[in-house]
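Residues per chain, in single letters:
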Amino acid sequence: MSTGTAELRPSAGLRHSLAEDVFGLLTGTFVASLGLYLLKSAHTVTGGTAGLSLLLSYASGWSFGLLYFVTTLPFLVLAVRAKGWAFSTRTLLSIALVAGFAYVHPLMLPEPRLNAVYATLVGNLLTGLGMLMVFRHRSSLGGFNTLALVAQEKLGWRAGWVQLALDTAIILSALPVVGLDTVLLSAVGAAVLNVVLALNHRPGRYLGY
């Protein structure tokens, strides 16, 4: 058993450097936030706290960036208890970066006119890719994302499937706000995101993880 555990913990020489972590988190959060911006431009939702924040933004008119930051903060308590301060600090930084980029994208890409199906599928794909980058640098995007990672590491459940179950609840709750057609499209997009995670995120498989 001890041999299997060692395989999941690469030596210090294989870990990312500080500069690699910084650039990796910047890149991952930028890509994820761009994906979320595409979802917002199509007025669709996704799962997790990001989807919840989008839904609250549509319903209230409040800023997505602010809502995302606020809704993910309570889950940092879980991150601290389950993953430690180093992971939690990186996660807080990642959350803040996504929230900050949410204010940048509208300035650089004001009101893009995109096909809703395209925006939803590509938006979820980009969000999933961004999450994978963040995971690789020992961080997360907070919220259900953190809960899914904890379930994978503590219970052996695949993070993508855990996230899918949680996402389903969020997407179904959007029905009164965005309508059935948008909910169905959002569900397909969220499935794309979670398949990306389920097929690609397996701790211990990658050097430098």
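Here's what I pulled together on the structure shown here.

Rules used throughout
Residues numbered from 1 in each chain as written. Predicted model: local features only at pLDDT ≥ 70, side-chain atom pairs only at ≥ 80, totals over all residues. Heavy atoms only, no water. Helix = DSSP H or I, 4+ residues; strand = E, 2+ residues; numbered from the N terminus. Buried < 20%, exposed > 50% of the residue type's maximum accessible area, 1.4 Å probe, protein only. Contact = heavy atoms within 4.5 Å. Expected span 1.5 Å × (residues − 1). Core = buried A, V, L, I, M, F, W, Y, C linked by side-chain atoms within 4.5 Å.

Quick word on the overall build of the chain
Thought 1: What the chain contains, in helices and strands, is 11 helices and 0 strands.
Thought 2: In the chain, which comprises 209 residues, the share counted as buried stands at 46%.
Thought 3: When contacts within the chain are restricted to residue pairs at least 6 apart in sequence, long-range pairs at least 24 apart make up 74% of them.

Some details on the environment of Pro74
Thought 1: Tracing the backbone shows Pro74 in the loop between helix H4 (64-72) and helix H5 (75-83).
Thought 2: Taking C-alpha positions, Pro74 is 9.1 Å from Gly142, a pair spaced 68 residues apart along the chain.

Things to note about helix H3 (residues 48-60)
Thought 1: Taking 1.5 Å of rise per residue, the 13 residues of H3 would be expected to cover 18 Å, and the 18 Å separating its terminal C-alpha atoms lies within 8% of that figure.
Thought 2: Where H3 is concerned, the buried positions are Gly48, Thr49, Ala50, Gly51, Ser53, Leu54, Leu55, Ser57 and Tyr58.

Brief notes about the nonpolar core
Thought 1: Core analysis: the biggest nonpolar cluster contains 32 residues, and Val45, Tyr68 and Leu141 have the highest contact counts within it.
Thought 2: Sorting the residues of this core by element identifies helix H2 (18-41), H3, H4, H5, helix H6 (85-108), helix H7 (116-136) and helix H11 (180-200) as the ones contributing at least two each.
Thought 3: Excluding its chain neighbours within four sequence positions, the residues that come into contact with Val45 are Gly51, Leu54, Leu55, Tyr58, Ile171, Ala174 and Ser186.

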